[in-house]
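Letter by letter, the chains look like this.
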Amino acid sequence: MRLPKFEYAEPKSIEEASSILSKEDGAKILAGGTDLLVNMKHRVETPAVIMSLKKIPDLSFVRPEDGGIRIGAMTSLKSVYSHPTIAEKLPGLALAASSVGSYHHQAMGTIGGNLCQQNRCKYFNQSRWWRSSRALCFKAGGELCHVVKKKNICFSSYCGDVAPSLLVMNAKALLESKEGKREVEVESLFTGDGKSPLGLRRGEILTEIRVPRECQEGFSTYMKFANRESIDFPIVGASLWASPDTKTVRLAFTAVDRKPLRARKAEERLSGGLQKSALEEAARLVLEEAKPVNTSLYPASHKRDVMGLLLESMITKLLGR
Amino acid sequence: MKHSVALSVNGDTYDVLISPNETLLDVLREKLGLMGTKKGCDLGACGACTVLVDGEAYLSCLMLAVNAAGRKIVTIEGLAQGGELHPLQKAFIEKGGLQCGFCTPGMILTAKAALDEEAVPTEASIRRKIAGNLCRCTGYKKIVEAVSSVAALSGKED
């Protein structure tokens, strides 16, 4: 399968990269390539310019510091979960990074690329031939959604593994452009709009993830339910962080909505204590908060069942630690 | 616009003129004639195109060849040294870890990356790391046996 034609750029600094992004309408960032190049082979993304970040110095690192752990956006997933501090102090993040794709995807894929991956849908992630049998959907440039026909928006799901594990730790993202830097919550990177899931300003590049120090204490985990353990995207992925006294519990899910989702109502209920009644109510509340639709081969009802099961498994793990 | 790129493959440097949209897999096979690297799904889901890039197992179908400049690439052709097969290659033959052979180059290179990372892995670790390499003939058992036998060997050397 040939890739479509594009111009290739290898900027040597963030300023240069940001200028290219601001100037070129159809420019896309290439990190590990394991998401973008597959979409390009399917012709669902056909950027005019591909800009690799490989030549920009100092984007691949894991630095435990006083204020927390800093992770460069171009750090491979394998380097993330192999780092001793992350493996020991942030098991939720290590589990999430090591559950992405196969061993190869973990060596090639980066934490920044994984966060910024495209939303997915069974009508979008298909070959051009497959898609040619019906009208183009919103995400592929058309004017309808095959999943939710009555609404005028794209319902594709966000399926990244790493995002929920960062959401429960209230991690921050550093965004850089030629105008300067700003730090935002990782959660606020996501728009909830299936067609353009990332809310970066023009010319902005994700350069670093910052995990607050408090998260190194307490309990964290990530659980993934997928068809094949070897390589698949999650049918549902879930992450949980709890303070050492379990008075604060944070919960997030992936592959159940148009963005990675913090389940705040359920968190509130669980933070009051982990008795059985609270767990039952939390399992009901997570279903109210997420809006899975039939964007994958697995029906939304199945996803809802799995959300409850993953929540129960995570709480069992938390109580049994 | 074509780019002139120096690719380091199996210790040799090749100057090639390539378009940005050519994958490393296509350049290896079509420009350098290194047919050992196989094209399976071409979408990063089967592992047949695995090569080593700076020692890591990479899917060459999902890597732009222009992006491979300055990196050390090893394909299956570069594994045997001085006419002597690599221990992993010998083990695959000895244990019967292949039938049709299409997945074998990717399987061996993934196993090499795995063993370089962890000299004596558990069977679970071997299985997890080769899980992205599909084989439709062997049922994986003999492949895992072959990789384990090399791991046990390197354990003895220590």
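Fair warning: this is a prediction, and the values are worked out from it, not measured in the lab. (Residues numbered from 1 in each chain as written. Chains lettered and ligands numbered in written order. Predicted model: local features only at pLDDT ≥ 70, side-chain atom pairs only at ≥ 80, totals over all residues.)

**A closer look at the overall build of chain A**
Link 1 in the chain: Helix and strand counts for chain A stand at 12 helices and 12 strands.
Link 2 in the chain: Whereas a compact globule of 321 residues would reach a radius of gyration of roughly 20 Å, chain A reaches 19 Å, a difference of no more than 12%.
Link 3 in the chain: Principal axes of the C-alpha set define a box for chain A whose edges measure 55 × 50 × 35 Å.
Link 4 in the chain: Expressed as a percentage of the 321 residues in chain A, the buried residues total 51%.
Link 5 in the chain: Within chain A, contacts between residues separated by at least 24 positions form 62% of all contacts whose residues are at least 6 apart in sequence. (Helix = DSSP H or I, 4+ residues; strand = E, 2+ residues; numbered from the N terminus. Rg over C-alpha atoms; globule rule 2.2 N^0.38 Å. Buried ≥ 20, exposed ≤ 12 C-beta atoms within 10 Å, placed from the backbone. Contact = placed C-beta atoms within 7 Å.)

**Some remarks on the sheet that holds strand 12 (residues 261-262) of chain A**
Residues and elements named next belong to chain A.
Link 1 in the chain: Pairing within the open sheet is antiparallel, and its four strands lie in the order 9-10-11-12. Pairing within the sheet leaves two strands with one partner each, and these edge strands are strand 9 (219-225) and strand 12.
Link 2 in the chain: Both strand 10 (residues 236-242) and strand 11 (residues 249-254) contribute to a ladder of six bridges, which runs antiparallel. Each bridged residue has a counterpart across the sheet, and for leucine 240 the counterpart in strand 11 is leucine 251. (Pairing = 2+ DSSP bridges.)

**Concerning the packing of helix 11 (residues 276-289) of chain A against helix 12 (residues 300-319) of chain A**
Residues and elements named next belong to chain A.
Link 1 in the chain: The N-to-C vectors of helix 11 and helix 12 enclose an angle of 140°; their axes lie 9 Å apart at closest approach. In this view, helix 11 runs oblique relative to helix 12, as classed from their interaxial angle. Two packed elements cross with a definite hand, and for helix 11 against helix 12 that hand is right-handed. Contacts from Leu279, Ala282, Ala283, Val286 and Leu287 of helix 11 reach helix 12 at Arg304, Met307, Gly308, Leu311, Glu312 and Ile315. (Axes fitted to C-alpha atoms, helices over the stretch in contact; angles between N-to-C directions. Parallel < 35°, antiparallel > 145°, perpendicular 65-115°, else oblique. Left-handed = near helix turned anticlockwise from the far one by under 90°.)

**Let's talk about the sheet that holds strand 2 (residues 12-18) of chain B**
Residue and element names in this part refer to chain B.
Link 1 in the chain: Here five strands make up an open sheet; going across it, the order is 2-1-5-3-4 and the pairing mixed. In this open sheet, the two edge strands, each paired with only one partner strand, are strand 2 and strand 4 (56-59). Strand-to-strand, the axes of this sheet are offset by a mean angle of 40°, without reference to chain direction.
Link 2 in the chain: Here seven bridges tie strand 1 (residues 3-9) to strand 2, and the two strands are oriented antiparallel to one another. The partner of leucine 7 across the bridge, within strand 2, is tyrosine 14.

**Observations concerning helix 1 (residues 14-23) of chain A**
Residues and elements named next belong to chain A.
Link 1 in the chain: When helix 1 is considered as a whole, its buried residues turn out to be Ile14, Ala17, Ser18 and Leu21. The buried residues of helix 1 occupy an angular sector of 100° when the element is viewed end-on, so they sit on one face.
Link 2 in the chain: Buried residues belonging to helix 1 abut strand 2 (27-30), strand 3 (49-52), strand 6 (172-177) and strand 8 (205-212). (Arc of directions from axis to C-beta.)

**Focus on the domain arrangement of chain A**
Residue and element names in this part refer to chain A.
Link 1 in the chain: Domain annotation of chain A identifies domain 1 (1-55) and domain 2 (62-116 + 157-319).
Link 2 in the chain: Listed per partner, the contact involves 14 residues of domain 1 and 15 residues of domain 2.
Link 3 in the chain: Of all the elements, helix 1 adds the most residues to the side of domain 1 that touches domain 2, at seven residues.
Link 4 in the chain: Looking at the side of domain 1 that touches domain 2 residue by residue, the classes come out as six nonpolar, six polar and two charged. (Domains from an automatic or database assignment. Nonpolar A, V, L, I, M, F, W, Y, C, P; charged D, E, K, R; others polar.)

**A short note on the interface of chain A and chain B**
Link 1 in the chain: Every contact between the two is made by 24 residues of chain A and, on the other side, 24 residues of chain B.
Link 2 in the chain: Among the secondary structure elements, those contributing two or more residues to the side of chain A that touches chain B are strand 1 (7-9), helix 2 (36-41), strand 3 and helix 6 (103-108) of chain A.
Link 3 in the chain: Here the side of chain A that touches chain B is built from residues that sort into 12 nonpolar, seven polar and five charged.

**Thoughts on the environment of Pro4(A)**
Link 1 in the chain: Residue position: Pro4(A) is located in the segment before strand 1.
Link 2 in the chain: On the neighbour-count criterion, Pro4(A) (12 C-beta atoms within 10 Å) is exposed.
Link 3 in the chain: The spacing of Pro4(A) and Pro47(A) is 43 residues in sequence and 8.6 Å in space, taken between C-alpha atoms.
Link 4 in the chain: Once residues lying within four places of it in the same chain are set aside, the contact partners of Pro4(A) are Met40(A), Arg43(A), Thr46(A) and Asn21(B).

**Quick notes on the environment of Met307(A)**
Link 1 in the chain: Here Met307(A) shows up in helix 12.
Link 2 in the chain: Not counting chain neighbours up to four residues away, the residues in contact with Met307(A) comprise Val236(A), Ala238(A), Phe253(A), Val256(A), Val286(A), Leu287(A) and Ala290(A).

**Some words on the domain arrangement of chain B**
Residue and element names in this part refer to chain B.
Link 1 in the chain: Taken domain by domain, chain B comprises domain 1 (3-78) and domain 2 (87-157).
Link 2 in the chain: Once you take the C-alpha centre of each, domain 1 and domain 2 turn out to be 21 Å apart.
Link 3 in the chain: Tallying the contact residues gives 14 residues for domain 1 and 13 residues for domain 2.
Link 4 in the chain: Looking at the side of domain 1 that touches domain 2, the elements that each hand over two or more residues are strand 3 (50-53) and strand 4.

**Observations regarding the packing of helix 2 (residues 87-95) of chain B against helix 3 (residues 104-117) of chain B**
Two quantities define a packed helix pair, namely the angle between the helix axes and the distance between the axes.
All names here are of chain B.
Link 1 in the chain: Contact geometry for helix 2 and helix 3: axes closest at 10 Å, N-to-C directions at 125°. Considering their axes alone, helix 2 and helix 3 lie oblique with respect to each other. Helix 2 and helix 3 meet at a crossing whose hand is right-handed. From helix 2, Leu88, Gln89 and Phe92 reach across to helix 3, where they touch Thr104, Ile108, Ala111 and Lys112.

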